[in-house]
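Read off the chains here:
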Amino acid sequence: DAGVIQSPRHEVTEMGQEVTLRCKPISGHNSLFWYRQTMMRGLELLIYFNNNVPIDDSGMPEDRFSAKMPNASFSTLKIQPSEPRDSAVYFCASRGLASSYNEQFFGPGTRLTVL
Amino acid sequence: AQKVTQAQTEISVVEKEDVTLDCVYETRDTTYYLFWYKQPPSGELVFLIRRNSFDEQNEISGRYSWNFQKSTSSFNFTITASQVVDSAVYFCALSATGGFKTIFGAGTRLFVKA
């Protein structure tokens, strides 16, 4: 089975540009999570969805960040405008029904560099 | 509130040594899950194990073993006869049963020298 798919794997952009990160969760999983990882702050949960509905976006750092999940097989995380401090690895993870198992499965990550 | 503490920031061992990574958690939930993830130098986060709070049996998988002790709120991870390929950052995590959020520890970076 395919795991969580993220694209692009690497993104280099200039400050002020819009960045869109994409994620395809594991088929059948109904929860999706976006994380950001930096050396300074470690792994931070940005937002998570359950059944395509955003449940908690309290981790989204600023209004420049937005996330959508238009259907069960696709989610985007958008940063507009991007800033150098947004440089990080962004992970998407998905999880099956909470009553069955709680572990999250992570995608390979998108390494974002904002110049 | 939930919290996961991995007090060891970095550990360095020589190949074939045994090493234990500590994890202490805090939760008010009566049922919960504990996890370990591995992040090798390539960067991906790999799920290693899930443990239900009802099950305090230790688990062994090859060179890996996990010791869950509810009385001390600990879920420690031991690698026996470590290998260079074990070099990675290891994260312990906690999630309430039926909950959405998973709380991750800060991670322990393990260096295994040849």
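Glancing now at the overall build of chain A. When helices and strands are counted, chain A shows zero helices and 11 strands. Its helices and strands in sequence order give chain A the pattern β-β-β-β-β-β-β-β-β-β-β, from N to C terminus. A compact globule built from 115 residues should have a C-alpha radius of gyration of about 13 Å, and chain A, at 13 Å, falls within 12% of that. Along the longest, intermediate and shortest principal axes, the C-alpha atoms of chain A span 40 × 25 × 25 Å. Looking at the 115 residues of chain A, the share that counts as buried comes to 50%. Look at the contacts in chain A between residues 6 or more apart in sequence, and 53% of them connect residues 24 or more apart. Carbon and sulfur atoms provide 50% of the accessible area of chain A, an area that totals close to 5600 Å². Here chain A holds 11 positive side-chain charges and 12 negative ones, and the gap between their average locations is 3 Å.

With that settled, the discussion passes to the packing of aromatic side chains. Scanning the model with the defined rule gives 21 aromatic pairs over all chains in all. Geometrically, the ring pair formed by F91 of chain A and F106 of chain A is edge-to-face, given 6.1 Å between the ring centres and 85° between the ring planes. One end of the pair, F91 of chain A, is in strand β9 (residues 88-95); the other, F106 of chain A, is in strand β10 (residues 105-106), and 15 residues separate them in sequence. On the accessibility criterion, F91 of chain A (1% relative accessible area) is buried. With relative accessibility at 10%, the residue F106 of chain A sits in the buried group. One aromatic cluster is present, formed by F33, Y35, Y48, F91, F105 and F106 of chain A together with Y33, F35, Y37, F47 and F104 of chain B through successive ring pairs.

Pairing between the strands of a sheet is mediated by backbone hydrogen bonds and can be parallel or antiparallel. Residues and elements named next belong to chain A. Read across the open sheet, the four strands follow the order β1-β3-β8-β7; overall the sheet is antiparallel. A single partner strand is all that each edge strand has here, and the edge strands are β1 (5-7) and β7 (65-71). For this sheet the average axis-to-axis angle between neighbouring strands, irrespective of direction, equals 15°. Inspection of the sheet shows β1 paired to strand β3 (residues 19-24) by three bridges, in the antiparallel sense. Across the sheet, S7 pairs through a bridge with R22, a residue of β3.

Turning next to the state of the cysteines. The term disulfide refers to a covalent linkage connecting the sulfur atoms of a pair of cysteines. Residues and elements named next belong to chain B. Across all of its chains, the model carries two disulfides over all chains by this definition. The disulfide that involves C23 links it to C92, with 1.9 Å between the sulfurs. Judged by the sign of its S-S torsion, about -65°, the bond between C23 and C92 is left-handed. Taken together, the positions of C23 in the loop between β3 (19-21) and β4 (24-26) and C92 in strand β10 (residues 88-96) put the pair 69 residues apart, joining distant regions of the chain. With a relative accessible area of 0%, C23 lands in the buried category.

Moving on: the environment of G3 of chain A. Residues and elements named next belong to chain A. Looking at where G3 falls in the secondary structure, it is placed in the segment before β1. In sequence terms G3 and I26 are 23 residues apart; their C-alpha atoms lie 5.5 Å from each other. In this structure G3 touches K24 and I26, once residues within four positions along its chain are discounted.

Parameters and conventions
- Residues numbered from 1 in each chain as written.
- Chains lettered and ligands numbered in written order.
- Predicted model: local features only at pLDDT ≥ 70, side-chain atom pairs only at ≥ 80, totals over all residues.
- Heavy atoms only, no water.
- Helix = DSSP H or I, 4+ residues; strand = E, 2+ residues; numbered from the N terminus.
- Rg over C-alpha atoms; globule rule 2.2 N^0.38 Å.
- Buried < 20%, exposed > 50% of the residue type's maximum accessible area, 1.4 Å probe, protein only.
- Contact = heavy atoms within 4.5 Å.
- Areas by Shrake-Rupley, 256 points an atom, 1.4 Å probe, with all protein chains shown as cover.
- Lys, Arg positive; Asp, Glu negative; His and termini not counted.
- Charge placed at Lys NZ, Arg CZ, Asp CG, Glu CD.
- Phe/Tyr/Trp six-rings, centres within 6.5 Å; stacked < 30°, edge-to-face > 60°.
- Pairing = 2+ DSSP bridges.
- Axes fitted to C-alpha atoms, helices over the stretch in contact; angles between N-to-C directions.
- Disulfide = S-S within 2.5 Å.

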